[in-house]
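Single-letter residue listing:
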Amino acid sequence: MNFIIATDSTCDLPKEMLKEMGVESRDMLYYVDDVEYGKDETNQLEFHEFYEKMRGGARTNTSMINEDTARTFLTELLKKGEDILYLAFASALSGTYNNFVHVAEELNAASEHKIHVVDSKCASGGEGLFVTLVAEKRKSGASFEETCEYAEYIRDHTIHYFVVDDLKYLARGGRLSKGSAFLGNVLNIKPVLHVDEDGRLIPIKKVFGRKKSLKTLVDKMEERYNKESDIVYITHGDCYDDAKYVADEVTAKFGMPVKILPLSYVIGSHSGPGTVALFFTGNTRAE
């Protein structure tokens, strides 16, 4: 039986990749100096332009997918006459998941087709890896129920590690005090962060220097990688050379190619230019 898999743009997978996997997606809005972007394909900033605006001091923020938008999106998908599995951005980072749950409950009561919403507890390329693995499960011939069950399992084995270049963006989002951010930048301290088992972005380690922070991403993969999947994603906030360095290190150490993806405007609004993140499968997210 066929069914629909859908997600949101925080998965950081290009539209072409999602189309190839047969995954529907709903964009989330972002704002630069109070100007709204993300309504459609024509209402977007160019990737480098967005991060240059941030470097120049532009104010950036985002908004979750509200219930009205979720209702419209799911209602249109239901017209295809299939069940829907919606893989949502981490509920610890956005209210999008809860909005989709409320709308799904409403629509399920009036539809012969089921909508099942899963809290991915993932972000960025981690959500992208999660979506990819769930889509592969469907492609293998798994039923709707089997794929829903697999999604609940594999999300806890989807490992995320991030490093940032400028701490002021974490301070702006309340994840770090302004004083700590200023001192950290002066001392060239680079935090290593991960998304924990509840979907929260948590700092786990402090290292000195950019190159050391990038190397730490690979070190963490060496500690945690379980070979359940050979798919590895890296996302970057307009710092391709740094992402390529990490990808080359991963390939040299583990022997598999790495997909480098642009860090979306929604995630990048909060982590800033210079963010590099590494995603792979592991036995557990717990540190």
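For the structure, see preceding data.
Parameters at a glance
- Residues numbered from 1 in each chain as written.
- Predicted model: local features only at pLDDT ≥ 70, side-chain atom pairs only at ≥ 80, totals over all residues.
- Heavy atoms only, no water.
- Core = buried A, V, L, I, M, F, W, Y, C linked by side-chain atoms within 4.5 Å.
- Buried < 20%, exposed > 50% of the residue type's maximum accessible area, 1.4 Å probe, protein only.
- Helix = DSSP H or I, 4+ residues; strand = E, 2+ residues; numbered from the N terminus.
- Contact = heavy atoms within 4.5 Å.
- Pairing = 2+ DSSP bridges.
- Axes fitted to C-alpha atoms, helices over the stretch in contact; angles between N-to-C directions.
- Salt bridge = Lys/Arg side-chain N within 4 Å of Asp/Glu carboxyl O.
- Phe/Tyr/Trp six-rings, centres within 6.5 Å; stacked < 30°, edge-to-face > 60°.
- Lys NZ or Arg CZ within 6 Å of the ring centre and 35° of its normal.

Caption draft 1: Structural detail: the nonpolar core. Formed by 36 residues in total, the largest nonpolar core has its most connected members in F50, L74, Y86, F100, I115 and V117. No other element matches helix 4 (residues 96-108), which puts six residues into this core. Counting 32 residues, the second-largest nonpolar core is a separate cluster that includes F3, I5, F162 and Y233.

Caption draft 2: Structural detail: the side chain of K190. Assignment of secondary structure puts K190 in strand 9 (residues 189-195). Not counting residues within four places of it along the chain, the set of residues in contact with K190 comprises V164, D165, K205, K206, V207, G209, R210 and S213.

Caption draft 3: Inspection of the sheet that holds strand 2 (residues 23-26) at higher detail. An order of 2-1-6-7 is seen for the four strands of this open sheet, with the pairing classed as parallel. The two strands at the open ends of the sheet, each matched to only one other strand, are strand 2 and strand 7 (115-119). The average angle at which neighbouring strand axes cross in this sheet is 25 degrees, direction not considered. Packed on one face of the sheet, helix 5 (residues 124-139) meets strand 1 (3-8), strand 2, strand 6 (83-88) and strand 7 and runs near 175 degrees to strand 1.

Caption draft 4: Highlighting the pattern of salt bridges. Tallying each qualifying case throughout the model produces 23 salt bridges. Salt bridges linked by common partners bring E67, D68, R71 and E106 together as one network.

Caption draft 5: Examining the packing of aromatic side chains more closely. On inspection of all chains with the given rule, the structure shows 14 aromatic pairs. Ring centres of F47 and Y51 lie 5.2 Å apart, and the angle between their planes is 75 degrees; this geometry places the pair in the edge-to-face category. Of this pair, F47 and Y51 are both found in helix 2 (residues 47-55), four residues apart, which corresponds to roughly one turn of the helix. The two residues F47 and Y51 agree in class, both being buried. Ring geometry for F50 versus Y51: centroids 4.9 Å apart, planes at 85 degrees, classification edge-to-face. You'll find F50 and Y51 in the same group, each marked buried. A connected cluster of aromatic rings, assembled from ring pairs, spans Y30, Y37, F47, F50, Y51 and Y265. Looking at R138, its charged tip hangs above the ring of F3, at a distance of 5.8 Å from the centre.

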